[in-house]
Amino acid sequence: MRILVSVDTREKVDGAGRLIPVIWQHKTMQISELIKEKYGLTGQVSQLPGERDLNYQIVTNEGSYVFKIHESSEKNFIELQQKILTQVSSISTLAEPRPISDLHGNTLIDLPNGKIGRLLTWASGELFSQIEKNPQVKQSLGSAVALVDKELINFDVAPYLETLTRPFGWNVLQANELKEKINLIKDEHLRVEVKQAFDFASTEILPKLEKLTKQLIHNDANDNNIVVENNVVTSLIDFGDIIYAPRVCGLAVACAYAISDLADPIFDVLPVIRGYHLVAPLNAEELEILFGLIKLRVATSIVMAAIQSADQPDNEYLLVSQAWFNQLITTLNKTDPNLAWYRMRSNCGYEANPNSRLVRQYLQSGRATIADVVMPPLKNVRKIWLDWSSDNQDLPRETSQIFNLMNQADAQLAIGHYCENRMVYQGEAFAIDSPARRSVHLGVDLFAPAGTPVFAALDGVVEYFNDNNVYLDYGPVIILRHETDTGIRFFTLYGHLSRPSLENLYIGKKVSAGELIATMGEEHENVGWPPHTHFQLLTDLCGMGLDIYGVAPLLELPVWRSISPNPNLALRIEEGTDAHTKLPSEILANERQVVMSRALSLNFKEPIEIVSGKGAYLYDQNGKPYLDLVNNVAHVGHCHPRVVAAGSNQMAKLNTNTRYLNQHAIEYARALASTMPDPLNVVFFVNSGSEANDLALRLAQAHTKAKGMIVLDHAYHGHVSSIIDISPYKFSGKGGLGRPDHVRVVPTPDSYKGLHRGADAGESYAKEFTKQLADLNQPLCAFISESIISTAGQITLADGFLPLAYQQARAAGGVCIADEVQIGMGRVGEFFWGFELHGVVPDIVTIGKPIGNGHPLAAVVTTPEIAQSFLTGMEYFNTFGGNPVSAAIGQAVLDVVADQSLQANAKNMGAYLMQGVRELAKSNPIIGDVRGSGLFIGVEFVLDQQTQIPATKFTADLIEYGKQQGVFLSSDGPDNNVLKIKPPLVIAKDDVDLFLSVLKDGLAKLI
Ligand SMILES: Cc1ncc(COP(=O)(O)O)c(C=O)c1O
């Protein structure tokens, strides 16, 4: 059970900072009678600790409640809170506390002594203040605050404006008034710190805050107002501090209380900010002031405690409880506000330093005068590149090794990479034992003999210089300051210089681009490194001066890539200098969340990073192999050498568009068309299955001059808007906008558990087709279908349905489109194309996924007659479709399918696999149906053979189990209870056996 403890001293003050006396006490006895009389509830009553309001917990058989008693003078304010609570409790994840009406329907009741009372549902869980705060719960906190803000965005505040703008110390918009009270802080050091935070806010934060849109905000996500269950925030309680202010103020409150580590408080709050951003995206203006607002909140809390302490001089606890904030304010004042801002921005997907883009553009645009840093003209210098990455066991660390390598290659210069993850940084300065360990090189190293002259890259002035005479530091180092033509400052850093380089320098000294500024130091003077210059570009020194990172923490590399862009922008070494070091999977997952759309899902509960593939197998970053039963795109096997060679050879020779004669495209078009029956012989090349289906629609419309469409239920044909319109899987699914007017949907012709079953099912479904055709209130353009519907759960169309549907569609003036994007190219074993399973010849065939073996290649094949109808005068141009590289790859795939007899392999392996599963089905009734053709197979799991209740959870568990055992599986169908099996066609018998054994074990373990 949750214990409410009021450790937050500010609960004891009113808006003006005065104590509210507790003047009236109910006996718990009286309360239980009252609850019974007013609400008809009987239960155990106990008083809860608390100072401002009187609170009682009521535990009944039906659930727990909290009964709150307030002064009647607060009625207007309490009514507002009740309204808010009612609205917020509509958020499914934050449903408690919810106001409860009395037997007369009132949520506020008058009490005999003139006070008012209200009953709320009890928010069960633990308080945030009582739990171990991990990133997951912090992210959940940010999301909860955002959900509440989103819910309250349109709350009509007009009737309550006076209340919401009351004089209130916790209202950040009144910070300038509270500032007057700083002198109540007795400790002088603390007073200075707090004043610094308020001064910063007055000049840098509040003017910007004024410009942001206001709304109703909770404003009090302190850790005693947050209820958590299993690392998820389930309630935000106490709306007593609500104000009308920009939403970022409320987020700042949550952040201020979520900090638990003085070593790196910003790192601590990043998950809170991210959690908020993922629910209610933060804009750049909000992120710009967030750090200052967090600091201000901490400072506010210290002032409020001082006010209370002045009122209650004997209450020592008041100040003791503030001890944490007193330390925190000092740490926050020491934190560079720009660096904090950059980290918060990067955490939300924005580039860390917004000026970095402008600096990079300036250096790339030709507007800057840039000189060679060493050996002008640097472009012509003979160079070698050193591999100092952590992967290289034999890295040339010694001076002699480096110069030997240079001599062997007759090189004048050796280059060390930017963004290379190195093990060579062992000094204390690199925090080698901490998660914030710095190991990624941010400069470019230019290795040359000691004494080699070093020149200023750009016009500028000396910002700093020093002899950083600490082992493995920079030794003698110079930082120059520069400015873009639009006045943005940036810096270049030159490290490991000779001592005499620093003579005659002074801060502010002007230097010109190309001016000699230093020479490279000997190993003994540059603190233990072989002679070289570390050259770094910086868009901000982040308050660190000469201690600015030359080596960044891997965990925050995206931040540092922005602060310190690739110095090659100034060096202009044409062969490149960026090592693009490998990022850990956790960073990739974080980055993906904010820089790519979250509408793109990831496979598996724990996303997996795949780094290579071969044949039917994929490999993760640890080299663990996974049999890939999911990817029908890697048709002839992952990274098939012939396909790779065809693509890279052609890429090395020529890639252009189809507006020139090119043998590859033309020969491939004929080869592809030759796999199809007459009269399908005109080919259009495109880039994706969606594009192929979109073009198929245009062809059909040009031919029929009609728009009406018939589709099959649960079918998916692509992601472009015209095709979402004909994909029930999408338009009737989550987020779908429903069936468009020009589309009619025929029930999935599923003879296992569909509307019609048994031998005549095909004919019955054909009658459903007739009904839909009759219902279509416009001329028919086309009927589109797959021959085995994958998204519906690998449904093999009921026998006889397709020919009857084709007949009717054609009789109605429409054309028939076969979507072979999933199943074509020999996969179904018996035939090369899926439509051949049904003995029909479509008017238009769309193909995609497998034909490029992963290269974005797709095609539409149609009849000369339909192709003729498309000659309307409007040119059809497709930039990439059918380019020589794509065509060479397509041809190679076609050749491999034939040369390696992959269609026959699909037939044999598919039959062997289905037979194996059917064998298992005999003793495992959860296997309801095994269906498919060749290597396009569905295994449907049901909890009961008769009722066919889908075994959705089992299917999901099996997929996770498969992953553990090294077999990738996936599911589909309306209930996600059908295992989709569609591996690369190169799968061998041993691979099928591996799958069957994993399935067997999964069946034994998971049911
Ligand atoms: C049957 C079918 N048609 C078309 C498409 C769209 O192909 P793409 O994703 O290449 O646009 C898909 C994709 O999954 C598909 O399954």
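Cut-off values and rules
Residues numbered from 1 in each chain as written. Predicted model: local features only at pLDDT ≥ 70, side-chain atom pairs only at ≥ 80, totals over all residues. Heavy atoms only, no water. Helix = DSSP H or I, 4+ residues; strand = E, 2+ residues; numbered from the N terminus. Buried < 20%, exposed > 50% of the residue type's maximum accessible area, 1.4 Å probe, protein only. Contact = heavy atoms within 4.5 Å. Areas by Shrake-Rupley, 256 points an atom, 1.4 Å probe, with all protein chains shown as cover. Lys, Arg positive; Asp, Glu negative; His and termini not counted. Charge placed at Lys NZ, Arg CZ, Asp CG, Glu CD. Phe/Tyr/Trp six-rings, centres within 6.5 Å; stacked < 30°, edge-to-face > 60°. Axes fitted to C-alpha atoms, helices over the stretch in contact; angles between N-to-C directions. Parallel < 35°, antiparallel > 145°, perpendicular 65-115°, else oblique. Left-handed = near helix turned anticlockwise from the far one by under 90°. Nonpolar A, V, L, I, M, F, W, Y, C, P; charged D, E, K, R; others polar. Near = heavy atom within 4 Å. Polar contact = N/O pair within 3.5 Å; in protein donor to acceptor, adjacent residues only side chain to side chain. Salt bridge = Lys/Arg side-chain N within 4 Å of Asp/Glu carboxyl O. Pairing = 2+ DSSP bridges. pLDDT = per-residue confidence, 0-100. Patch = residues over 30% accessible without salt bridge, like charges linked within 9 Å, V, L, I, M, F, W, Y side chains within 5 Å. Expected span 1.5 Å × (residues − 1). Bend = angle between axes of the 7 residues up to and from the residue.

Attention shifts here to the overall build of the protein chain. Within the protein chain, the secondary structure is distributed over 29 helices and 40 strands. Out of the 1007 residues belonging to the protein chain, those deemed buried represent 56%. In the protein chain, once contacts between residues fewer than 6 apart in sequence are set aside, the share between residues at least 24 apart is 73%. When the accessible surface of the protein chain is summed, it comes to about 42200 Å², and 51% of that surface belongs to carbon and sulfur atoms. Of the side-chain charges in the protein chain, 85 are positive and 112 negative, and the distance between the mean point of each set is 3 Å.

Bringing the packing of aromatic side chains into the picture now. Aromatic rings considered in pairs are described by the distance between their centres and by the relative angle of their planes. By the definition in use, this model includes 23 aromatic pairs. Each ring, one from Tyr-668 and one from Phe-685, has its centre 5.3 Å from the other, and the planes form 10°; the classification is stacked. Here the residue Tyr-668 occupies a position in helix 19 (residues 663–673), and Phe-685 occupies one in strand 27 (residues 682–686), the gap between them amounting to 17 residues. Take Tyr-668 and Phe-685: they sit in the same class, and that class is buried. With a centroid separation of 4.9 Å and an interplanar angle of 80°, the aromatic rings of Phe-941 and Phe-954 are classed as edge-to-face. Taken together, the residues Phe-941 in strand 37 (residues 936–941) and Phe-954 in helix 28 (residues 952–964) connect sequence positions 13 residues apart. Neither Phe-941 nor Phe-954 differs from the other in exposure class; each is buried. An aromatic cluster is built from Trp-388, Tyr-425, Phe-447 and Trp-529, whose rings are joined through pairwise contacts.

Let's shift gears to the packing of helix 6 (residues 188–210) against helix 9 (residues 284–311). It is the contact of helix 6 with helix 9, at a shortest axis distance of 8 Å, that shows an interaxial angle of 140°. When the axis of helix 6 is compared with that of helix 9, the two are oblique. Like other packed secondary-structure pairs, helix 6 and helix 9 cross with a definite hand, here left-handed. Residues Leu-190, Val-194, Ala-197, Phe-198, Phe-200, Ala-201, Glu-204, Ile-205, Leu-206, Lys-208 and Leu-209 of helix 6 touch helix 9, and the partners they reach there are Glu-288, Ile-289, Gly-292, Leu-293, Lys-295, Leu-296, Ala-299, Thr-300, Ile-302 and Val-303. A breakdown of the residues in the contact of helix 6 with helix 9 according to their chemical character gives 15 nonpolar, two polar and four charged.

Near the ligand, the surroundings consist of 13 residues, among which Gly-689, Ser-690, Asp-819, Gln-822 and Lys-849 are the closest. In this structure, Gln-822 approaches the ligand through a side-chain N or O atom, which is 2.8 Å from an oxygen atom. At 2.8 Å, a side-chain N or O of Lys-849 approaches an oxygen atom of the ligand. For the ligand, the accessible surface in isolation is 390 Å², of which the surrounding protein chains cover 85%. When residues in the shell around the ligand are grouped by element, the largest group, three residues, is from helix 20 (residues 689–704). Considered class by class, the residues forming the shell around the ligand number two nonpolar, eight polar and three charged.

Throughout the structure, instances matching the rule amount to 34 salt bridges. Salt-bridge contacts for Glu-609 lead to Lys-582; the nearest nitrogen and oxygen are separated by 2.7 Å. One end of the pair, Glu-609, is in the loop between helix 17 (585–595) and strand 24 (610–614); the other, Lys-582, is in the loop between helix 16 (568–571) and helix 17, with 27 residues separating them in the sequence. The class of Lys-582 is partly exposed, set by a relative accessible area of 42%. Across the pair Asp-957 and Lys-953 runs a salt bridge whose closest N-O atoms are separated by 2.6 Å. Within this pair, Asp-957 and its partner Lys-953 are both found in helix 28, separated by four residues, close to a single helical turn. Judged by its relative accessible area of 18%, Asp-957 falls in the buried class.

Let us now look at the sheet that holds strand 37. In space, the four strands of this open sheet follow the order 36-37-40-39, with antiparallel pairing throughout. Sheet topology places strand 36 (927–933) and strand 39 (970–972) at the edges, where each strand pairs with a single neighbour. Looking at each pair of strands side by side, their axes are set apart by 30° on average, direction ignored. Where helix 27 (residues 902–923) meets the sheet, it contacts strand 36, strand 37 and strand 40 (978–981), and its direction lies at approximately 170° from that of strand 36.

Omega for the bond connecting Pro-376 with Pro-377 falls within 30 degrees of zero, at -5°, which places this linkage in the cis form. You can see Pro-377 is positioned in the loop between helix 13 (354–364) and strand 12 (383–386). A cis geometry characterises the amide bond from Asp-678 onward to Pro-679, with omega recorded as 0°. Along the chain, the position of Pro-679 falls in the loop between helix 19 and strand 27. Phi is positive for Cys-639, which is not a glycine, with a value near 50°. Secondary-structure assignment places Cys-639 in the loop between strand 26 (625–628) and helix 18 (641–653). Backbone geometry at Asn-976 places phi at a positive 50°, although glycine is not the residue there. By secondary structure assignment, the location of Asn-976 is in the loop between strand 39 and strand 40.

For the rest of this paragraph, the subject is the sheet that holds strand 27. Here seven strands make up an open sheet; going across it, the order is 27-35-34-33-30-28-29 and the pairing mixed. Single-partner strands in this sheet number two, and they are strand 27 and strand 29 (743–746). Averaged over neighbouring strand pairs, the angle between their axes works out to 20° when direction is ignored. Bridge count for strand 34 (residues 844–847) against strand 35 (residues 858–862) is four bridges, and the pairing is antiparallel.

Let's shift gears to the confidence of the model for the protein chain. Per-residue pLDDT for the protein chain has a mean of 94; in total, 96% of the residues score no lower than 70. The model gives residues 1–26 a pLDDT under 50, and that stretch makes 79 contacts with residues more than four places away or in other chains.

Moving on, we come to a nonpolar patch on the surface. There is a patch of nonpolar side chains on the surface, built from Val-595, Met-596 and Leu-600 and spanning about 270 Å² of accessible area. By the secondary structure assignment, Met-596 is in the loop between helix 17 and strand 24.

What follows covers helix 9. Between the first and last C-alpha of helix 9 there are 41 Å, a value that for 28 residues agrees with the 40 Å anticipated at 1.5 Å per step. The principal kink in helix 9, of about 40°, is found at Leu-290. For helix 9, the tally of buried residues reaches 23 of 28 residues, placing the bulk of the element in the interior. Its side-chain oxygen placed 3.2 Å from the backbone nitrogen of Glu-285, Asn-283 serves as the N-cap of helix 9.

By the secondary structure assignment, Lys-138 is in helix 3 (residues 135–152). Taking the relative accessible area as the measure of exposure, Lys-138 reaches 4% and is therefore buried. Not counting the four nearest positions on each side in its chain, Lys-138 is found in contact with Phe-128, Lys-133, Ala-258, Ser-260, Asp-268, Pro-271 and Val-272.

Take the environment of Gln-174 next. You can see Gln-174 is positioned in the loop between helix 4 (161–164) and helix 5 (175–178). As for Gln-174 and Arg-397, which are separated by 223 residues in sequence, their C-alpha atoms are 59 Å apart. When residues no more than four places from it in sequence are discounted, the contact partners of Gln-174 are Thr-165, Arg-166, Pro-167 and Phe-168.

With twelve residues, helix 7 (residues 247–258) extends 17 Å between its outermost C-alpha atoms, agreeing within 8% with the 16 Å of an ideal straight helix rising 1.5 Å per residue. Extensive coverage of helix 7 is indicated by the burial of twelve of its twelve residues. Arg-247, Val-248, Cys-249, Gly-250, Leu-251, Ala-252, Val-253, Ala-254, Cys-255, Ala-256, Tyr-257 and Ala-258 are the residues of helix 7 that are buried.

Time to look at the pairing of strand 40. Along strand 40, one buried face is formed by Val-978 and Lys-980 and the opposite face, lined by Leu-979 and Ile-981, is buried too. Taken together, the four bridges between strand 37 and strand 40 define a ladder with antiparallel strand orientation. Across the sheet, residue Glu-940 finds its bridge partner in strand 40, namely Val-978. With three bridges joining them, strand 39 and strand 40 adopt antiparallel strand pairing. In the sheet register, Ser-970 faces strand 40, and the bridge partner there is Lys-980. The antiparallel hairpin formed by strand 39 and strand 40 contains five residues in its connecting segment, where Gly-973 sits at a positive phi of about 95°.

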